[in-house]
Each structure stands twice: as structure tokens, then as C-alpha cells.
Amino acid sequence: MQNIEFTLNGSQIEVSIDPRESLLHMLRNRLGVFGPKEGCGKGECGACTVLVEHNAVNACIFPAGKVDGLEVVTIEGLQQGEHLHPIQQAFIDTGAVQCGFCTPGMILSAKDLLDHHHKPSRQEIRRAISGNICRCTGYSKIIDAIEYASKDVSKS
Amino acid sequence: MKKQAYQVIGKSLPRSDAYDKVTGKARYTVDVEVPGMLHAKVLRSPYPHAKVVRIDVDRAKSLPGVAGIVTWENTPRVLFNATSTHTQSPPPFEAVKDQYIFDNKVRYVGDEVAAVAATSPEIAEEAIRLIKVDYKILPAVMTVEEAEETSAPRIHEDKNNSNMIGSPIENNMGDIQEGFKCSAHTVECTYTFPVQKQCQLEPQAALAMKAEDGRMMVYSTTQAPHPTRKILSDIFSLPMNQIRVANPPYVGGAFGVRIGFSAKAEPIAVALALLTEKPVKIVYSRDEDFIASETRHAGTIRVKLGFSDDGIIQAADVESRMNGGAYASWSVDVNGAINSRALTIYRIPHLHFHGYSVYTNTTLAGAARGFGAPAPTYAMEMTVDKAARTLNMDPIAFRLKNIIQVGDAWSAPFPCRSTGLKECMERGKKRIGWDDFSKKSYDSNHPRYLRGVGMAVGNHISSAFPFQTDYTGANVYVLPDGSVQVETALVEMGTGVKTTLGQIAAEVLGVPMESVWVKIGDTDSSYDIGGQASRSLYAGGSAVKKAAEAVREQILAYVALKQDCTVDNLDLRDGWIWVHNEKAMPFSEMTQDADYHNVQFSRLEKHKTDNALSWHAHFARIKIDTWTGKIFVEKLVAAHDMGKAINPQIVEGVIEGGVSMGIGYALSEEITYDHHGKQIQDSYHKYMLPTSMDYGEIEPIIVEAHEPSGPFGARGIGENSVAAVAPAIMCAVRNLLGIDVTELPLTPERLLKQIALNK
Ligand code: FES
Ligand code: FES
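Residues numbered from 1 in each chain as written. Chains lettered and ligands numbered in written order. Predicted model: local features only at pLDDT ≥ 70, side-chain atom pairs only at ≥ 80, totals over all residues. Heavy atoms only, no water.

Here we come to the overall build of chain B. Within chain B, the regular secondary structure consists of 19 helices and 27 strands. Taking 27 Å as the expected radius of gyration for a compact globule of 759 residues, we find that chain B reaches 27 Å, a close match to that expectation. By the burial criterion, 66% of the 759 residues in chain B qualify as buried. Residue pairs in contact within chain B that sit at least 24 positions apart in sequence constitute 80% of those at least 6 positions apart. Carbon and sulfur atoms make up 52% of the accessible area of chain B, which totals about 25,900 Å². On chain B, the mean spot of the 79 positive side-chain charges and the mean spot of the 89 negative ones are 2 Å from each other. (Helix = DSSP H or I, 4+ residues; strand = E, 2+ residues; numbered from the N terminus. Rg over C-alpha atoms; globule rule 2.2 N^0.38 Å. Buried < 20%, exposed > 50% of the residue type's maximum accessible area, 1.4 Å probe, protein only. Contact = heavy atoms within 4.5 Å. Areas by Shrake-Rupley, 256 points an atom, 1.4 Å probe, with all protein chains shown as cover. Lys, Arg positive; Asp, Glu negative; His and termini not counted. Charge placed at Lys NZ, Arg CZ, Asp CG, Glu CD.)

Residue and element names in this part refer to chain B. Close contact between helix α11 (residues 395–402) and helix α12 (residues 421–432) brings their axes to 11 Å; oriented N to C, the two are set at 165 degrees. Taken together, α11 and α12 sit at an angle that is classed as roughly antiparallel. Considering how the two elements wind past one another, α11 and α12 form a crossing that is left-handed. For the pair α11 and α12, the contacting residues are Ile396, Arg399 and Leu400 in the first and Lys422, Met425 and Lys429 in the second. When the residues that make up the contact of α11 with α12 are grouped by side-chain class, the tally is three nonpolar, no polar and three charged. (Axes fitted to C-alpha atoms, helices over the stretch in contact; angles between N-to-C directions. Parallel < 35°, antiparallel > 145°, perpendicular 65-115°, else oblique. Left-handed = near helix turned anticlockwise from the far one by under 90°. Nonpolar A, V, L, I, M, F, W, Y, C, P; charged D, E, K, R; others polar.)

So, about the interface of chain B and chain A. Where interface size is given, it is often the accessible area lost as the parts come together that is meant. With 54 residues of chain B in contact, the opposing surface of chain A contributes 45 residues. Carbon and sulfur atoms supply 54% of the area buried between chain B and chain A, which totals about 3,900 Å² over both sides. Looking only at chain B, the three residues that lose the most surface to chain A are Val22(B), Leu201(B) and Ser692(B), adding up to 19% of its buried area. Linking chain B with chain A are seven salt bridges, by the criterion used here. Of the charged contacts in the structure, one is a salt bridge between Lys37(A) and Asp31(B), with a shortest N-O distance of 2.8 Å. Taken together, chain B and chain A are joined by 30 residue pairs in polar contact (both at pLDDT 80 or more). Contributing elements (two or more residues each) for the side of chain B that touches chain A: α1 (18–23), α17 (648–667) and β27 (697–703) of chain B. Broken down by element, the residue count for the side of chain B that touches chain A peaks at eight residues, all from α17(B). (Buried area = accessible area lost by both parts, 1.4 Å probe. Salt bridge = Lys/Arg side-chain N within 4 Å of Asp/Glu carboxyl O. Polar contact = N/O pair within 3.5 Å; in protein donor to acceptor, adjacent residues only side chain to side chain.)

Before going further, it helps to examine the side chain of Thr383(B). Turning to its location among the elements, Thr383(B) is positioned in helix α10 (residues 374–390). Ignoring sequence-local partners within four residues, the contact set of Thr383(B) consists of Val187(B), Tyr191(B), Val303(B) and Leu305(B).

This part covers the domain arrangement of chain A. Residue and element names in this part refer to chain A. Here the domain parsing of chain A yields domain 1 (2–77) and domain 2 (86–153). A straight line from the C-alpha centre of domain 1 to that of domain 2 covers 21 Å. Across the contact, 17 residues belong to domain 1 and 13 residues belong to domain 2. For the pair domain 1 and domain 2, the summed buried surface comes to about 1,200 Å²; carbon and sulfur atoms form 62% of the total. Along the contact surface separating domain 1 from domain 2 lie five residue pairs in polar contact (both at pLDDT 80 or more). Put simply, the parts of the chain that give the side of domain 1 that touches domain 2 at least two residues each are β3 (49–52) and β4 (55–58). Ranked by residue count, the leading element in the side of domain 1 that touches domain 2 is β3, at three residues. Considering only residue class, the side of domain 1 that touches domain 2 consists of seven nonpolar, seven polar and three charged. (Domains from an automatic or database assignment.)

This brings us to the pattern of salt bridges. If you walk through the whole model with that rule in mind, you get 67 salt bridges over all chains. In this structure, Arg122(A) and Glu147(A) form a salt bridge, with 2.7 Å as the shortest nitrogen-oxygen distance. Of this pair, Arg122(A) sits in helix α4 (residues 122–128) while Glu147(A) sits in helix α5 (residues 140–155), placing them 25 residues apart in sequence. Here Arg603(B) ties to Glu605(B) by a salt bridge, and the two come within 3.2 Å at their closest N and O atoms. Taking the relative accessible area as the measure of exposure, Glu605(B) reaches 17% and is therefore buried. Sharing partners across several salt bridges, the network here consists of Asp213(B), Arg215(B), Arg244(B), Lys519(B), Asp522(B) and Asp524(B).

With that out of the way, let us pick up the state of the cysteines. Overall, the coordinates contain zero disulfides over all chains when judged by the stated rule. Here Cys199(B) stays free of any disulfide, with the sulfur of Cys45(A) as its closest cysteine sulfur at 11 Å. On the accessibility criterion, Cys199(B) (2% relative accessible area) is buried. (Disulfide = S-S within 2.5 Å.)

This part covers unusual backbone geometry. Residues and elements named next belong to chain B. In this structure, the amide linkage connecting Phe465 to the following residue, Pro466, adopts the cis form with an omega of -5 degrees. Along the chain, Pro466 falls in the loop between β17 (449–460) and β18 (473–478). Residue Leu744 is joined to Pro745 through a cis peptide bond whose omega torsion reads -10 degrees. Here Ala263, not a glycine, exhibits a phi torsion of approximately 50 degrees, which is positive. By the secondary structure assignment, Ala263 is in the loop between β11 (243–246) and α7 (265–276).

Moving on, we come to the sheet that holds strand β7 (residues 169–173) of chain B. Residues and elements named next belong to chain B. Ordered in space as β7-β15-β14-β13-β8, the five strands form an open sheet in which the pairing is mixed. Looking at strand neighbours, the two that pair on one side only are β7 and β8 (185–193), the edges of this open sheet. Each neighbouring strand pair of the sheet contributes to a mean axis angle of 5 degrees, computed without reference to strand direction. One ladder, built from ten bridges, connects strand β14 (residues 313–325) with strand β15 (residues 350–359); its direction is parallel. Bridge pairing in β15 links Arg321 to Tyr356. (Pairing = 2+ DSSP bridges.)

All right, on to the nonpolar core then. Counting residues in hydrophobic clusters, the biggest one holds 170 residues, and the most contacted among them are Phe91(A), Ile622(B), Ile729(B) and Met730(B). Other than its neighbours up to four places away in sequence, Ile729(B) contacts Ala620(B), Ile622(B), Ile631(B), Val633(B), Ala666(B) and Leu667(B). Formed by 44 residues, the second largest nonpolar core is a distinct cluster that contains Val476(B), Leu501(B), Met513(B) and Val559(B). (Core = buried A, V, L, I, M, F, W, Y, C linked by side-chain atoms within 4.5 Å.)

All names here are of chain B. Partitioning chain B into structural domains gives domain 1 (18–26 + 471–608), domain 2 (32–138 + 198–292) and domain 3 (413–464 + 611–757). Taking only C-alpha atoms into account, the centre of domain 1 sits 37 Å from that of domain 2. If you look at the interface, domain 1 gives 22 residues, while domain 2 gives 23 residues. Both faces combined, the contact of domain 1 with domain 2 buries some 1,700 Å², and carbon together with sulfur accounts for 53% of it. Counting the surface domain 1 buries against domain 2, the share from its top three residues, Met493, Thr523 and Tyr527, is 35%. Counting every contact that joins domain 1 to domain 2 gives three salt bridges.

What follows covers α11(B). Residue and element names in this part refer to chain B. For α11, the set of buried residues is Pro395, Ile396, Phe398, Arg399 and Asn402. Down the axis of α11, the buried set is contained in an arc of 160 degrees. They therefore lie on one face. At the N-terminal end of α11, a side-chain oxygen is found 3.1 Å from the backbone nitrogen of Ile396, two or three residues along, and the residue is Asp394. (Arc of directions from axis to C-beta.)

Moving on: the packing of aromatic side chains. The final tally for this structure, using the stated rule, is 17 aromatic pairs over all chains. Its end group placed over the ring of Phe62(A), Lys66(A) keeps NZ or CZ at 5.1 Å from the ring centre. (Phe/Tyr/Trp six-rings, centres within 6.5 Å; stacked < 30°, edge-to-face > 60°. Lys NZ or Arg CZ within 6 Å of the ring centre and 35° of its normal.)

Right, let's talk about the pairing of β17(B) for a bit. Residue and element names in this part refer to chain B. Burial analysis of β17 places eleven of its twelve residues in the buried class, the great majority of the element. For β17 and strand β25 (residues 614–625), the ladder comprises twelve bridges, and the chain directions are antiparallel. When the sheet's bridge partners are listed, Val453 is paired in β25 with Arg621.

All names here are of chain A. Examined against the element boundaries, Arg30 turns out to sit in helix α1 (residues 23–30). A relative accessible area of 34% places Arg30 in the partly exposed class. Considered as a pair, Arg30 and Val57 are 27 residues apart in the sequence and their alpha carbons are 19 Å apart. Setting aside its immediate chain neighbours within four residues, Arg30 contacts Met1, Val15, Ser16, Ile17, Asp18, Glu21 and His25.

Right, let's get into empty space enclosed by the protein. Throughout the structure, instances matching the rule amount to nine cavities of 30 Å³ or more. Of the pockets and cavities examined, the largest cavity occupies roughly 90 Å³. Each residue belonging to the lining of the largest cavity can be placed in one class, and the counts come to seven nonpolar, three polar and four charged. Partitioned by chemical class, the residues of the lining of the second largest cavity number seven nonpolar, three polar and one charged. (1 Å grid on protein atoms, 1.4 Å probe; cavity = no way out; pocket = protein on both sides within 12 Å on 5 of 7 lines; lining within 4 Å. Points joined across faces, edges and corners; volume = space filled by probe spheres on them.)

Right, here's the structure in full:
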């Protein structure tokens, strides 16, 4: 076991981990953070996407030990008190949520995109979420949501 | 009192589950944890067909942390069918029960041999590796052809003396010989279909434990809690009321893969929980989900169509042979659906259908979104398109001459009371720009690219009636503070039923959506057969509407007495009681008052068992790269008539999702087996699921032909948009290249081969 310290959704965390375990395993099994989902456990579906230092990563294949000293944001950390992040609100408004299992990962991939790119085209949005599988929506309304949010995000 | 426009019906209100889902608060079975819980893993067969001669669990048992091991030797020898349909098949339909939790024979690679419960998933995994099994390998059959040979090994020795699953489905109307005699033209073709996987994002999972109230509590990913409870009750000889099955409350997609058991997650968890007297959780890995949970049926369909010079269909002869895999699951029923999807779109005076499924040593095939529909819709629509071409007729004009109209005789066991198919065709045709694109066109900049359009139509059911018991109970009650509770056992697996059922109750009771709470996915609710057959809104919505209407009557009668007026002078709207068209008091004040007077407003209702078909027309605009064989769907217009759209935004979303699955079915998705009988595509990476980059825009069109039997005129929509995608695309391919695509999916390799053959 090894001790690491990192920032999770704004709070300082100390946790002891098995050096072989994944970030997803640590979040779900040690810290009870269930927003990130496991759809495949092999880096193939994006359901486990979280932000490490503002970049989207597949937590299921990201070594937990690597977040030592870094900043991690999961879907739970997006909301400011009562206020949803504009991307979360856009997902609700445009009907981009169905079963919701891909949603946390989708929203964080979208956040990575919009943090780095204020006015993405639909094609750029498609590329940004191409590692996130959604079987329910056919992606249309997810792309709409991100496009819609990009207007809001760039305003604020 | 003057009829008001709807307040909430027909409005794209935000989904009531969306907040939970965008904030990460939504809980799924995989997220449920209880103190002292054990984790289970399954040992699966590496062989497609073998006898289990001996299982040695000694080493596994002595591994520290292992709490219990189950095999065929210490679990109930009760046969079952893991799906809801064979749990409650009304006569004359006969249940085919051919599965045990574990058997002393394995019938496909992935079949369950044993399961271990341990203090961690890692220990359970290690214990699995320590179990030693001696197998006697038997010859395996992987295809329908192999399974049908007289010398083929029997996969279920006790069933018949062939590998046929149950009995074939037959359907006759008119006189088929006569029909072809009076046909000036006939076209005939056989089509081959692949195995498709549902690929819901949440893997199969269950958690079983003795609850505080002494009952067996099972959290599960099932899309049919009551039928799941029934099968568990049969296996473990527990009264149904001593088992509770519930989603916690969400299900991460389903698409037919768990109408009943989630593969075998529930019975394995229960068996281990009983053995260890501890809570046991089991979550399948993605590759287990691929190899050991149901798929769509692969198979072949032959269609022969007879029609007159003026393009009137006279006769249709359809034959289907499906690969059912190792266990029956839905394999009898699927041919009923194939019959129905192929033969209820057009007026066909003389028709014949014969269809059956056979056992093979492949992963069992079951229900998949658009149950039974993609294959027959493809076979029929490709044949109809060909018939139109034979006569040099526009395929839309040909179809318009033949489509079913209200009141027509057809072979479905319920009447056609509404259809908006014509409007779907007309609006879709306009939106895609049919007249501009129907001629073959080269991309002017790159002659290597071809661009063109194709179309196809289809229909789908709105409930399982009369093929299966189909009923739903809904409880509606108004609480003293004016909030409304609706209870059903329907499942929120993404289709929006938690929201739309709430809209129905809110509309009837004249209260805002926020004051309605809908309980879902729990057997501690009235009986219901679950989220399947596109029935949740049609059947569940009817039950909720009926119950809410009864409650409304109770309220109006109470207020009329209080206000000393007749109910005709009253209304419930916007959360207010209206008397003589004036706001008299808030709804909550009235309910508080009723409470003081010992009056409660509540009702349990059941929908009137019925069925109706929804209709659709799809138009695909595609671009073919003749060098690489790649087809890109630039636009897919999906015009759907589902009667009243209770929530148009939800309807659109559901249509788009189905179209996406249809594009995968047409162009890329396929499971094949290696020569050891093992699935080759057992991960998302190997199985070519459409990503956000793989097609252009999907444009849904909503057509609303009022359905008299549905709530507010609504029919089903959940599964409808998968089937007519592939034929729309392949009619465009035929248009552009003159190629008849008889095998799906049309991968770039297959298309290049076809192009070469055609030269
Ligand atoms: S769970 Fe991490 S990519 Fe699928
Ligand atoms: S909403 Fe279900 S997988 Fe995306």
C-alpha cells in the first residue's frame, strides 16, 4: 500500500492505495465516489471519464498513484452549490440524457473541450466525444447540448 | 365546461431523472453497496459443447476470503427460461424451459459452470482460477445448417429429437398458390443477418440479500422486475411475496438484454446469498456481458412477393430460420415477431409464413431493441423496392398503393385503428429532398464518391398482447399536502417513462409536474410485465391515466359537495381548484381539508389489455467511397407516427438512439465465432459500435395519428427506429451501384467485393 494526497473536487484528500489500482477503482471502491461509471474497464467506452489537471482521462486505465499531488474533478465536482454547470444544464435542456450511464463521462469530455476551445464546430464536438460511447441517444442531442453550452460558457 | 388545451401533454418538459443523472447522483445496480457484502465471480466454460465430468473446488474453498462456491451440485435443479415471456405464456403458447442456474453440461463458450463469493472481487477471481473442472468435449454446431443435419449432436437431448427450439410459427391468410397465380410478376430473394449485441452501457449486475423485513431483496439491472421475481420464486421455492426485486432506481440501458434475468446475475447472487447468509453482489465484466448475455438473432429470411402489372401486391411467402444459440430464451417468439413485422405493413390478400429457430453452440439469442424487426423489415423492404423497380415505378408510389389503411384486414390479432404512414412518407420525402437526390449523382469534385438516397418503411407494436400476458397496474394517490404519488413497476432504463407517466398524471389532475413523483422499477408495486415491447407508455400510461381519472372524479365529487355545485362547474388546473371558471382554492388546500375529514383520494387501476402498431418511414442520404468501400450516412430522416407525442423531446431522443443502432446493424456491427467456438468480438473495441464520428445528422419527424386505444392517443415508440435504417441505406446502395445487398452488415470489405463482382 502507498499513501497519496491529491485534490478531489476542491477538497484535499489523503488515501492509501494499492500501487496497481486504477483511479476509477480508487474513486469508486475506496472513496465512494460513484459518479464515474465503469462500462468496460479497458479504456474503450469513456463512461469512467474524469478530469486530471483539467484534462479528460479514462479513469479505468489511469493509475491511481499518478494523481498524487494533482487535481482531480469528477462529475460530483462540477456543480457550484445549487448552480449546475452550464454543460449540465444544457444536457437537461436539450434532452441529451437517457439512461444516464454515459452522461458523467460525456459531460466531463465536453468540459475538457470547452475549457480549451470556446467555439467548437459540430465536427470538433463529435471528435471530442468520439471516445465516449452512448448507446441510447445516437449522440444528436449530446452534440446539441455541447454546442448550446459552448454559447453559455463563452458568455460567462 | 369548455375543453382546455393540454397543460403538460405534448410539451417537451425536462426529464424528471435528468438532474440526478447530470450531477452523478443517479444510482444504478453497479453502485449499490451494503455493509458486509461479498463479491461474486463466475467460472465459464471454455468449450462450446461439453459434459462437466467433475468439479474440484477444494483449493478454491480454502483460499482465505472465499465464503461460498456454487455449482450444479449444490443449486436447485429447476428448469427455467430466463425471459419474461416464458414465465407467463398464456395458452396456447407453450413455455420452453431449458436452463438451470448451472448444469452438468455446457452448451456455449461462456456458459456458467460455477460461481464464487468472496470478500473482494479479486479474491473471487483468484478462486475461480483454482477450481478444476474435467470436461468431456462434445462435437459442437455453430450454424443453423450444421445444427439441422440429421447427424448433428443434440444440444438439449431431452427436447424433441432435433435441435429445433419449441415449435415453428405458421401463418396463413387467403390462398398462397392462388395469390401467385394471379400475380403477373414475382420477385424472390434470401437475406442473411448477423448477430447484433445490445451493448447497453451498464453491465449485467445484481445484489441479493436478506432484507431487514426478512424477505430476499434483489437489486438488479432487470427491465422486468415482476417476471424476474416470478422466475426466482420458481427456482428457489420461495413465495413471490417473500422476494423483492428492484432497480435502485435506474438501469443503465437495456435494449431487450434483460427482460427477465440479467443473464444469470440474479439467480447466482441469490444462490450465493442463501449459501453464505451474506449480501452478495455480482457485476459482469464487459467481455462476460458480450459472451454470456443474450444477443439479437442471426439467421436468414426468404421472401417471395407476387404483384400485378399495376403494382398491387397479391401474395407474399416468407420463411425465416433463426439461430437461437444455446438456450431458447425468446427464440420461439422471435418468429412470431418476424411474421408480424414482415406481413402487417402492406395489404396482402394471400400470404404464408413459416419460421423457426434452432439451437446451436453459440451465445443464446434473445430480445434486442426492435424485437424481431430489423431482419424481416430488411427482407420485405428490399423486396418491395425491387418489385417497384421491376415495374419502373417510384418505390414511394408503389408503397402508397399497398400500405395498410385503417380497417383493412391483416394478419395481426388486433385491428388497425390508426396509421400515419402515408404522412410519414410524404414528409420524409420532402425533408430528404427525394426528387433532387433520387438520380445517381457523382460528387462533382471527386468522381470516386457517389451520393444518393433510399427509403424504407416499417411498423412496431405497442405492447406484448396477445403474445404474452400483458398487464400493468398503476397506483395513483394524492397525499394530504397535495403532492401526488404514482406507483408502477415499469423501468426507467433511459426511455423517459418516469417523466412521461408523471406528465399523464399531472395533466389529468391539473397539478404541476413538480408535485408528481413516480415510483418505478420495484416489485413492491402492482404487477406489471416490465419495460419491453415498446409498451411502457402505451400500457403503463393507460393504467396511470385511468387511475388518475378515477382520482380526479373522487376529488371533483368531494369539492362539488363542499361548494354545493355540480361537478360540471368544476375544473382542476395549474394546481388550483376552479369553480365556475374562477380560481377557488389551491389544490393543496383542498387536499388538506379532505384529510381533516378522513377523505383520501387514491386508486389502483389496470390498463385494458390491447395493442396497436406505430408506423415510420426512413430516408437515408448516403455517400459511397467507391475506392475504400466505405459508406457514410450523411443524413437520416426518420419520420415516425407514434400517435400523440406525450413529450416530443423524449420521443425524438428515442428515435435518434434507435436510428444509431440501425446504422450499426447496417454497416458495422457483427459478432462472429472463431474455430474454437469463441466469440471474436467480445469488447467494445472489437465490436464496431457507432461513435459520434460515424454518421452525419439524424432528423426525426413526429407524425401524430390519433390512436383511440392509447393514452391521449399515444402508441409505442421505444424500439421503432432501428429496423427501417438498413433497408433505407441499402436501397440507396442499389440505386447507386445496382447491387443487391443480401448480407448484413455491409462492411467496406463486403462492398468492395460486391463492386468487383459486379464489374
Ligand atoms: S470504463 Fe473506462 S473506458 Fe470504459
Ligand atoms: S444515455 Fe444511455 S448510454 Fe448514453
